[in-house]
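# What the coordinates show
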Amino acid sequence: MTTLSLTLDAAGKSTPLNVTLTQGVIAGWTGRDPVARDHHIKELQELGIAPPATTPIYYRCSARRFTTDGMIECTDVNSSGEVEFCLIASGGKTYVGVGSDHTDRQVETYNITVSKQMCDKPIAPVVWALEEVLPHWDEIILRSWATIKGEKVLYQEGKLSGMLPVAELIKKGFDADKLPDGTAMFGGTFAAKGGIRPADRFDYEIEDPVLKRKISHGYDIKTLPVVG
């Protein structure tokens, strides 16, 4: 269990929002387009990562892995981030934000579930009310940038029209109409431009072009040595 201090950007004003998380969920292979989904599966297979047993698939992750910090520590240089929308259920309401499913790619080659526990999951400290964006959900845009050896490059970009709708994602994962209170769930990602690779820094954002607003955040990656 962990408590995060967030800011709710809703109805034209900002309000402090404290949420207590009791479980983390990483939804994978959530693409609405089977061609794009299969491309991402192939991308991971090239790294030696086995295809999923089902699509979508829901991995569990410690709630304590979710953080708004601007730096995370990872073992060796085999990890990388990927931008995802994040649904958070608290106090009977559901919020949407953005984060990075930072994952140890070496561990992922032999156990994806374990790999989801290896790294912290950075999220932006600002969220929106889900009800405000649902009417134009498919227009929402996710982007990420990777800074590699001092050069910042566009790493991912796509609209949420490429992902399963929220209601379907929740129904398939929880057999319910609402996300359970205390849950933070990442909702899937897009293929990386130029392939999956590690970076020194990872920046990401979610853009609402209809209500003309963005949530942006980023983090540095500190690499810990491997000894013994």
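## Notes on the sheet that holds strand β3 (residues 23–28)
- Spatially, the eight strands line up as an open sheet ordered β2-β1-β12-β9-β8-β15-β3-β4, and their pairing is mixed. With partners counted over all chains shown, the strands left at the sheet margins are β2 (13–21) and β4 (57–61), one partner each. Direction aside, the axes of adjacent strands within the sheet are offset by 30 degrees on average.
- Pairing of strand β1 (residues 2–10) with β2 involves nine bridges; the strand directions are antiparallel.

## Some points on the pairing of strand β9 (residues 93–100)
- The buried count for β9 comes to seven of eight residues, which makes it a mostly enclosed element.
- The pairing of strand β8 (residues 83–90) with β9 spans eight bridges and is classified as antiparallel. Its bridge partner lying in β9, C86 is registered against G97.
- In textbook terms, the turn of a hairpin is the stretch between consecutive antiparallel strands, and for β8 and β9 this stretch comprises two residues, one of which, G91, has a positive phi near 60 degrees.
- In terms of strand pairing, β9 meets strand β12 (residues 126–129) through two bridges, oriented antiparallel. Across the sheet, the residue bridging to V96 is W128, located in β12.

## Here we look at the pattern of salt bridges
- Enumeration over the complete set of coordinates arrives at 18 salt bridges.
- Across the salt bridge formed by E73 and K222, the nearest N and O atoms sit 3.6 Å from each other. In this pair, E73 is assigned in strand β6 (residues 71–75) and K222 in strand β17 (residues 213–224), connecting sequence segments 149 residues apart.
- E205 serves as the salt-bridge partner of K214, at 3.8 Å between the closest nitrogen and oxygen.
- Looking at K214, the relative accessible area reads 48%, which means it is partly exposed.
- For E205, a relative accessible area of 7% corresponds to the buried category.

Basis of the calculations
- Residues numbered from 1 in each chain as written.
- Predicted model: local features only at pLDDT ≥ 70, side-chain atom pairs only at ≥ 80, totals over all residues.
- Heavy atoms only, no water.
- Pairing = 2+ DSSP bridges.
- Helix = DSSP H or I, 4+ residues; strand = E, 2+ residues; numbered from the N terminus.
- Axes fitted to C-alpha atoms, helices over the stretch in contact; angles between N-to-C directions.
- Buried < 20%, exposed > 50% of the residue type's maximum accessible area, 1.4 Å probe, protein only.
- Salt bridge = Lys/Arg side-chain N within 4 Å of Asp/Glu carboxyl O.

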